[in-house]
Amino acid sequence: MQGFYSKLDSSPSSSPLLGAGLRGEGAPVPLSLAVETEKAQALLQTFSSASLLASAGLGMFCVVADHALQLSVVQHHLWLRAVLDNATHGLVGLWSWAIVIGLRKKSDLYEVLLAGLLASLIDLDHFYMAGSLSLKAAVSLPQRPPLHCSSLIPVLCLSLRFLMWLGRLKDAWCSMPWMLFVAMATHHVRDAVRHGLWVCPFGNTAPIPYWLYVSTTATLPHLCSVLMYLTGTRDVISTKHGVAIDV
C-alpha cells in the first residue's frame, strides 16, 4: 500500500501550496494536503473577480429583464408576459447556480440547466392550485400556491438530503439539495417584490424593496457557496472535480 495521494497539481509550479509540500520532483502529494488546497481554492473562487463580475451581471440582468416585462407590448399579452416572467425565473436560477459551481466541464453545464429548469417549474403549482390549464385561472388565484411557501424551502432541501442518505446515492449528487435551495430561493425572492414572502404559518411579509431583491439575488450564490464550504459539501465537489486517489 502506497497510501492515499492526489495526482492533482503534482508539479511544484502548478500550485504554491502543493509545491511547498513536495519532497522531490514528481513526488506524490498527501491527499489531506490536496483536499485542503482544493477547499481553500473553492472558497477563494467564491469571491474571485470572475464570480463577483458574474454576480454584478446577474443583478443587472434582473433590472433589465424586469424593465422589459413592463413594456406595454408585453403587458397587453397575458401569455407573452407569463412566458417571459417564467423564463426570467429560470435564467436567474441558472445564472445563480453557475456562479456557485463554476463551469469547468460539460456536466457542470447540465447542472446549471437543471437549476434553471427547477426555478421555472415552481410556477406549475399555479395550474395545480387552479385545477385547470387555463392561464387566466392560474394567474387569478385567491391565494398563493403551495410551492410558493418559503417555509417549504428548508423542509424540501433537508428531505431531499435525507432521501439521498437513505438511498446511499453517490457523491456526484451531493449538491442537489443546494441546487434546489438556489432555485427556490431566487424564485421566491423575485416574487417577493410584488407579494412579499409567504412564511407559513405566520402569513405574508410586506413586499420587499426592489434594491433588496436585486442585492439579495446577486449575493445569494456567494452565501450558498460559503454554506456549502462550512457543511463540507465543497470537499466532496472538489474531489468530484478531479482529486485522484492512488492506493
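Residues numbered from 1 in each chain as written. Predicted model: local features only at pLDDT ≥ 70, side-chain atom pairs only at ≥ 80, totals over all residues. Heavy atoms only, no water.

*Asks:* An account of the confidence of the model for the protein chain is requested, with residue identities and associated values reported.
*Replies:* When pLDDT is low, close inspection of the predicted coordinates is not appropriate. The pLDDT averaged across the protein chain works out to 82; a share of 74% of its residues lies at or above 70. This stretch, residues 1-24, has a pLDDT under 50; its non-local contacts, to residues over four places away or in other chains, come to 47 contacts. Note on residues 241-247: pLDDT under 50 across the span, and 23 contacts to partners over four residues away in sequence or across chains. (pLDDT = per-residue confidence, 0-100. Contact = heavy atoms within 4.5 Å.)

*Asks:* Please set out the side chain of Ser 55 residue by residue, giving values where relevant.
*Replies:* In this fold, Ser 55 is placed in helix 3 (residues 49-69). You can call Ser 55 buried: its relative accessible area is 5%. At 3.3 Å, the side chain of Ser 55 forms a polar contact with the backbone oxygen of Ala 218. Among all residues touching Ser 55, those that are not within four sequence positions of it are Ile 99, Ala 218 and His 222. (Helix = DSSP H or I, 4+ residues; strand = E, 2+ residues; numbered from the N terminus. Buried < 20%, exposed > 50% of the residue type's maximum accessible area, 1.4 Å probe, protein only. Polar contact = N/O pair within 3.5 Å; in protein donor to acceptor, adjacent residues only side chain to side chain.)

*Asks:* Go over the packing of helix 10 (residues 176-195) against helix 11 (residues 210-230), please, and point to the residues and values.
*Replies:* Contact geometry of helix 10 with helix 11 gives a least axis separation of 9 Å together with a crossing angle of 170°. Put simply, helix 10 runs roughly antiparallel to helix 11. Classified by chirality, the crossing of helix 11 by helix 10 is right-handed. Between helix 10 and helix 11, the contacting residues are Trp 178, Phe 181, Val 182, Ala 185, Thr 186, Val 189, Arg 190 and Val 193 on the first element and Tyr 210, Tyr 213, Thr 216, Thr 217, Leu 220, Cys 224, Leu 227 and Met 228 on the second. Counted by class, the contact of helix 10 with helix 11 contains 12 nonpolar, 3 polar and 1 charged residues. (Axes fitted to C-alpha atoms, helices over the stretch in contact; angles between N-to-C directions. Parallel < 35°, antiparallel > 145°, perpendicular 65-115°, else oblique. Left-handed = near helix turned anticlockwise from the far one by under 90°. Nonpolar A, V, L, I, M, F, W, Y, C, P; charged D, E, K, R; others polar.)

*Asks:* Outline the side chain of Thr 186, listing residues and values.
*Replies:* Inspection of the secondary structure puts Thr 186 in helix 10. Judged by its relative accessible area of 3%, Thr 186 is buried. Here the side chain of Thr 186 touches Val 182 through a polar contact of 2.8 Å, landing on its backbone oxygen.

*Asks:* Before we move on, could you go through the packing of helix 6 (residues 106-121) against helix 10 and cite the residues and values that matter?
*Replies:* Remark: helix 6 packs on helix 10, axes separated minimally by 8 Å, with the N-to-C direction vectors making an angle of 45°. With respect to helix 10, the element helix 6 is oriented oblique. Where helix 6 crosses over helix 10, the two elements pack in a sense that is right-handed. For the pair helix 6 and helix 10, the contacting residues are Glu 111, Leu 114, Ala 115, Leu 118 and Ala 119 in the first and Met 176, Met 179, Ala 183 and His 187 in the second. In terms of residue class, the contact of helix 6 with helix 10 is made up of 7 nonpolar, 1 polar and 1 charged.

*Asks:* Could you give an account of the packing of aromatic side chains, naming the residues involved and the relevant values?
*Replies:* All told, the structure shown has 4 aromatic pairs when counted by the stated rule. Considering the side-chain rings of Phe 61 and Trp 95, the 5.6 Å spacing of their centres and the 40° angle between planes classify their relative orientation as tilted. Taken as a pair, Phe 61 in helix 3 and Trp 95 in helix 5 (residues 78-101) lie far apart in primary sequence, 34 residues in all. Under the relative-accessibility criterion, Phe 61 is labelled partly exposed at 22%. (Phe/Tyr/Trp six-rings, centres within 6.5 Å; stacked < 30°, edge-to-face > 60°.)

*Asks:* Any details on the nonpolar core? Residues and values, ideally.
*Replies:* Judged by nonpolar contacts, the single largest core of 13 residues is most densely connected at Trp 97, Val 100, Cys 224 and Met 228. Elements with a contribution of two residues or more to this core: helix 5, helix 6, helix 10 and helix 11. Counting residues in hydrophobic clusters, the runner-up holds 9 residues, among them Cys 62, Val 189, Ile 208 and Val 214. (Core = buried A, V, L, I, M, F, W, Y, C linked by side-chain atoms within 4.5 Å.)

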